[in-house]
Amino acid sequence: MSETQNVTKVDVVEVTKIFGDDPDAALERLKTGATREEILRDTGQVVGVNNVTFQVGAGESFVVMGLSGSGKSTLIRCINRLIDPTSGQVRIDDEDILIADDDRLREIRLTKLGMVFQHFALFPHRTVAENTEYGLKIRGVAADERRKAALNWLDVVGLADWADSYPDALSGGMKQRVGLARALTVEPEVLLMDEPFSALDPLIRRDMQDELIDLQRKFHKSIIFITHDLNEALKLGDRVAIMKQGRFVQIGTPEEIVGSPADPYVEAFTQDVDRGRVVTAGTVMQPFEGIPLGRTNVKSIATIFDGFDGPGVYVTDAKGLPEGLVMQDDVGRALDEGLHDVTYLVRKDFPQVDESMPLADFFGACEAGVPIAVVNERKRLVGVINPLDVFAQLTPGAASGAKVGNGAAEEATGGGTAEVAPPAGATGGDHGARV
Amino acid sequence: MTDFLPKPSDFFVLPLDEWIDYLVKGILVPNLRPFFRAIQWPVDQVLTGLENLFNAIPFVVFVVILVWLAWRFAGRSIAVFTLVSLVVLDIVGVWPESMATLAMVLTAVLFCAVVGIPVGLMAGRSDTFATAVRPILDIMQTTPAFVYLVPVVMLFGVGIVPGVIATIIFAMPPIIRLTNLGIRQVPEELVEAGYAFGSTPRQVLIEVQIPLALRTIMAGLNQTLMLSLSMVVIAALIGAEGLGLIVYQGIGRLDVGLASVGGLGVVLLAITLDRITQGIGEASGADAGRRKLSGVAQKVKTLFGGKRPSDGDTATAGGTQASPPSPGEAA
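Computed from a predicted structure; not experimentally measured. (Residues numbered from 1 in each chain as written. Chains lettered and ligands numbered in written order. Predicted model: local features only at pLDDT ≥ 70, side-chain atom pairs only at ≥ 80, totals over all residues. Heavy atoms only, no water.)

Okay, the overall build of chain A next. Within chain A one finds 21 helices and 17 strands. Of all 435 residues assigned to chain A, the portion counted as buried reaches 56%. Sequence separation of 24 or more characterises 67% of the internal contacts of chain A that already satisfy a separation of 6 or more. Counting only carbon and sulfur atoms, one obtains 49% of the accessible surface of chain A, whose full area is about 17900 Å². (Helix = DSSP H or I, 4+ residues; strand = E, 2+ residues; numbered from the N terminus. Buried < 20%, exposed > 50% of the residue type's maximum accessible area, 1.4 Å probe, protein only. Contact = heavy atoms within 4.5 Å. Areas by Shrake-Rupley, 256 points an atom, 1.4 Å probe, with all protein chains shown as cover.)

Below, the structure is given as structure tokens:
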């Protein structure tokens, strides 16, 4: 997906929303640096959203995480103007919808935006199918055509059999599937999701998250997703924004949020995060393209080990695919015996992981104590992981000092100086794995 | 003692009664008489139409229709009660008066609905309008019913139509209040959902707000009906007919029997109409009737080992495991 992200779909520029009878006065005070509390105390105006700016790319899923009262629900309603922002711009496909007139606004809502609500917001007096086709009905689509579309999307979410039931016959998870189908039926380019899974049981919530990830793989919507659950944010977001008192305190990839929290507030949240699920192999690896097996011998490998205390290095074939692991001990023995050809020293039973794999998924491989080969999607060797780095990552205190992302690159000295790849790849490839 | 302490009225007396007297007699009556006459016209038309209709329908046919309505919407026991009530009304000899009263009441309710529901809808959608309407409704509801009668007689004259107009004024507030309440009770998220999918305010009103407020609006209609019934007796003071007139005559002649028969007629009519309209109100609430049916269909499906509402997990009790598409398959 990362390749489609360069087209900006939603561009939110310095949006501020102030609730109260005299927002302009509060806005002036806000601009001169008054805090939210001061403005509330002095003017009685409530700052809902304070100068928020972000972009969401086509096919990107952008998650806003914040506690209740942080303004996140207000923010998402500013995007489709269920709430009119006090100032700022909201551009969808480069059109500022804040200056659109009523007709144009409705057209944008009809054609480009779908919304999913926290408490499902299904119409109790309509059947599941009638709920699903609501957007098309408003658009004026003929009855049989919109029913067909509704059934199609109900089928996608697995509820086609329930088309003619009423919402009160459905469980919470099923209701939200209908909510999702209703939003998808209008074929929106942007999906606004306001805490869609917060009202669900934990197990169903996890299923729904997985299902959303699957749907997103198929349909590549731009998603703006609101949640108060950081784990959910990290799981679903290509990028995550942490919102506090109406402001964004940090925007970043899940790994940036967990690896280098911008302030103590964010850090406090990340304490409980399961790092093993967030941090990927690509982040903790030391970039290393391996030593081409055809162009090396025991002696040259031995010189590599001179400046390097790892237990072994990887050798690759002509295409850059990992051939095997050469252990330092074996090299020493071979030198003593006067051997020249490295081929006999190459161990083929080495651990290998994809760079997008979360640490938790290859934790077991670390216990062998040997370096782990990291490959990209074309199976080329792009780095190695020292098992000790994995253990360090999984201890919260250690990680914040080590700075995931750039930290790995800084430590990637020593090992075969000439062969070390530029550190650029360390974070680049990893969001591809997510929604 | 108290004579030593001055009161405001020692210095100044506000001639409020004279002012109002002047307002009505001096300004409203001479200038707006044609206007008030014009208001009377539609009320008169509807009332006469209904009266003629009820008089034309044979007793048996009327009873069958009403009992069927009661059966359909309120159940068997109310249907039986309706049958007994109507028969009693006839055998105590107040059937024609009951029909006259029914015509008056339904006319009043019709006009209350025609005026009150739109006003209630507007109040439900605008805080400013609701704030403006509220004191007027308070005045309409708390002013003693007899107080209406004097200005009504002056502006509209004496007779059955002015009686109905007094009834309309008296019975209007509940339908306005409950329509307002019903609209406001529609969950905000549902209204937002309406707008989020591109509906116009009108579409939100028709597609979302009114259907969901319908049950409350019907409760308002029921209250309006009850208030109308209680007003028709009082309206007899200014020449309205029907059961009210019987009661009024009973009081005038100190004829306990006559007054009681009139009173009984009002009570029976009131209970019958109340139960039937409540039944209709509940049935109309967001298509409860259809939902009941779909619920039954659901049970039948379940009975024959079909699908039941669950997420393929523990969401509902006692499900066979061969239930609907689990999340995994669904994806």
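All names here are of chain B. On inspection of all chains with the given rule, the structure shows 14 aromatic pairs over all chains. Consider the rings of phenylalanine 35 and phenylalanine 36, whose centres lie 5.3 Å apart with planes at 70°: the pair is edge-to-face. For phenylalanine 35, a relative accessible area of 46% translates into the label partly exposed. A relative accessible area of 12% means that phenylalanine 36 is categorised as buried. An angle of 85° between the planes, with centres 5.2 Å apart, marks the rings of phenylalanine 36 and phenylalanine 156 as edge-to-face. (Phe/Tyr/Trp six-rings, centres within 6.5 Å; stacked < 30°, edge-to-face > 60°.)

Glancing now at the sheet that holds strand S13 (residues 312-316) of chain A. All names here are of chain A. On the basis of which strands lie adjacent, the open sheet formed by three strands has the order S12-S13-S14 and mixed pairing. Each edge of the sheet is formed by a strand with only one pairing partner; in this case those strands are strand S12 (291-292) and strand S14 (322-327). Note that S12 and S13 share two bridges and pair parallel. In the strand pairing of S13, isoleucine 291 is matched with valine 315. Relative to the sheet, helix H15 (residues 298-306) contacts S12, S13 and S14, its axis offset from that of S13 by approximately 135°. Seen against the sheet, helix H16 (residues 328-337) touches S13 and S14 and runs at an angle of roughly 70° to S14. (Pairing = 2+ DSSP bridges. Axes fitted to C-alpha atoms, helices over the stretch in contact; angles between N-to-C directions.)

All names here are of chain A. All chains considered together, the criterion is met by five cavities of 30 Å³ or more. Empty space within the second largest cavity amounts to approximately 40 Å³. Every residue lining the second largest cavity is listed: Leu180, Leu184, Leu191, Leu212, Leu215, Gln216, Phe219, Lys221 and Ile223. Elements that contribute at least two residues to the lining of the second largest cavity include exactly helix H8 (172-185) and helix H9 (202-219). The greatest single-element share of the lining of the second largest cavity, amounting to four residues, is contributed by H9. (1 Å grid on protein atoms, 1.4 Å probe; cavity = no way out; pocket = protein on both sides within 12 Å on 5 of 7 lines; lining within 4 Å. Points joined across faces, edges and corners; volume = space filled by probe spheres on them.)

Below, the discussion takes up helix H2 (residues 59-74) of chain B. Residues and elements named next belong to chain B. Along its 16 residues, H2 runs 21 Å from first to last C-alpha, staying within 8% of the 22 Å computed at 1.5 Å per residue. Those residues of H2 that fall on the buried side of the exposure criterion are Phe62, Val63, Leu66, Val67 and Ala70. What you see down the axis of H2 is that its buried residues fit within an arc of 120°, all on one side. Along H2, exposed side chains directed more than 90 degrees from the buried face belong to Val60, Val64, Trp68, Trp71 and Arg72. The secondary structure elements touched by the buried residues of H2 are helix H1 (16-56), helix H3 (76-91), helix H4 (95-125) and helix H11 (256-284). (Expected span 1.5 Å × (residues − 1). Arc of directions from axis to C-beta.)

Another point: a nonpolar patch on the surface. A cluster of nonpolar residues, Phe11, Phe12, Leu14, Leu16, Trp19 and Ile20 of chain B, forms a patch on the protein surface that exposes about 710 Å² of accessible area. Take tryptophan 19 of chain B: it is sitting in helix H1. (Patch = residues over 30% accessible without salt bridge, like charges linked within 9 Å, V, L, I, M, F, W, Y side chains within 5 Å. Salt bridge = Lys/Arg side-chain N within 4 Å of Asp/Glu carboxyl O.)

Phe54, Met193, Ile224 and Phe248 of chain A are the most contacted members of the largest nonpolar core, which totals 92 residues. If near-sequence neighbours (up to four positions away) are discounted, methionine 193 of chain A is found in contact with Ile76, Val116, Leu180, Leu212, Ile223, Ile224, Phe225 and Ile226 of chain A. Core analysis: the second largest hydrophobic core is formed by 70 residues, Phe54, Met104, Met140 and Val266 of chain B among them. (Core = buried A, V, L, I, M, F, W, Y, C linked by side-chain atoms within 4.5 Å.)

Adjacent strands of a sheet pair through backbone hydrogen bonds, lying either parallel or antiparallel. Strand order in the open sheet formed by four strands is S2-S1-S4-S5 (chain A), with antiparallel pairing between adjacent strands. Here the strands that pair on one side only, and so sit at the sheet edges, are strand S2 (46-57) and strand S5 (95-96) of chain A.

All names here are of chain A. Look at H15 against H16: their axes get within 10 Å of each other, and the N-to-C directions meet at 130°. Comparing the axis directions of H15 and H16 gives the class oblique. Relative to H16, H15 is oriented so that their crossing is left-handed. Of H16, the residues touching H15 (which contributes Val298, Lys299, Ile301, Ala302 and Phe305) are Gln328, Val331, Ala334 and Leu335. Tallied by class, the residues present in the contact of H15 with H16 amount to seven nonpolar, one polar and one charged. (Parallel < 35°, antiparallel > 145°, perpendicular 65-115°, else oblique. Left-handed = near helix turned anticlockwise from the far one by under 90°. Nonpolar A, V, L, I, M, F, W, Y, C, P; charged D, E, K, R; others polar.)

This part takes up the pairing of strand S9 (residues 239-244) of chain A. A regular strand carries its side chains on alternate faces of the sheet. All names here are of chain A. Two elements, strand S3 (residues 61-66) and S9, share five bridges in a ladder whose sense is parallel. Bridge pairing links glycine 66 to methionine 243 in S9. Two strands pair when backbone bridges link them, and S9 and strand S10 (residues 247-252) are joined in this way by five bridges, in the antiparallel orientation. Residue pairing in the sheet places methionine 243 in a bridge with phenylalanine 248 of S10.

Attention shifts here to a negative patch on the surface. Side chains of Asp21, Asp22, Asp24 and Glu28 of chain A sit close together on the surface and give a patch of like negative charge. Topologically, aspartate 24 of chain A is positioned in helix H1 (residues 23-31). (Lys, Arg positive; Asp, Glu negative; His and termini not counted. Charge placed at Lys NZ, Arg CZ, Asp CG, Glu CD.)

The subject of this paragraph is helix H3 (residues 72-79) of chain A. All names here are of chain A. Extensive coverage of H3 is indicated by the burial of seven of its eight residues. All buried positions along H3 are accounted for by Lys72, Thr74, Leu75, Ile76, Arg77, Cys78 and Ile79. Arginine 81 sits one or two positions beyond H3 and adopts a positive phi of about 60°.

Residues and elements named next belong to chain A. For the pair H1 and helix H2 (residues 36-43), the least separation of the axes is 10 Å and the interaxial angle reads 145°. As for the relative orientation of H1 and H2, their crossing is right-handed in sense. For the pair formed by H1 and H2, the contact residues are Ala26, Arg29 and Leu30 on the first element and Glu38, Ile39, Asp42 and Thr43 on the second. Class assignment for the residues of the contact of H1 with H2 results in three nonpolar, one polar and three charged.

All names here are of chain A. The phi dihedral of glutamate 14 is positive, around 45°, even though this residue is not glycine. Examined against the element boundaries, glutamate 14 turns out to sit in strand S1 (residues 8-19). In this structure glutamate 14 comes out as partly exposed when scored by relative accessible area, which is 46%. Even without being glycine, asparagine 51 reaches a positive phi, approximately 55°. By relative accessible area, asparagine 51 is classed as partly exposed at 46%.

The subject of this paragraph is the confidence of the model for chain A. Residues and elements named next belong to chain A. Across chain A, the average pLDDT comes to 82, with 89% of residues at 70 or higher. Confidence, read as mean pLDDT per element, is least for helix H21 (residues 425-428) in chain A (38) and greatest for strand S8 (residues 222-227) (94). Scored below 50 in pLDDT, residues 1-5 shows 14 contacts in the model against residues more than four places distant or in partner chains. In the model, residues 398-435 has pLDDT below 50 throughout and makes 71 contacts with residues more than four positions away in sequence or in other chains. (pLDDT = per-residue confidence, 0-100.)

Residues and elements named next belong to chain A. If you trace the backbone, arginine 277 turns up in helix H13 (residues 275-278). The class for arginine 277 is partly exposed, based on a relative accessible area of 44%. Each C-alpha atom, one on arginine 277 and one on lysine 299, is 41 Å from the other, the two residues being 22 residues apart in sequence.

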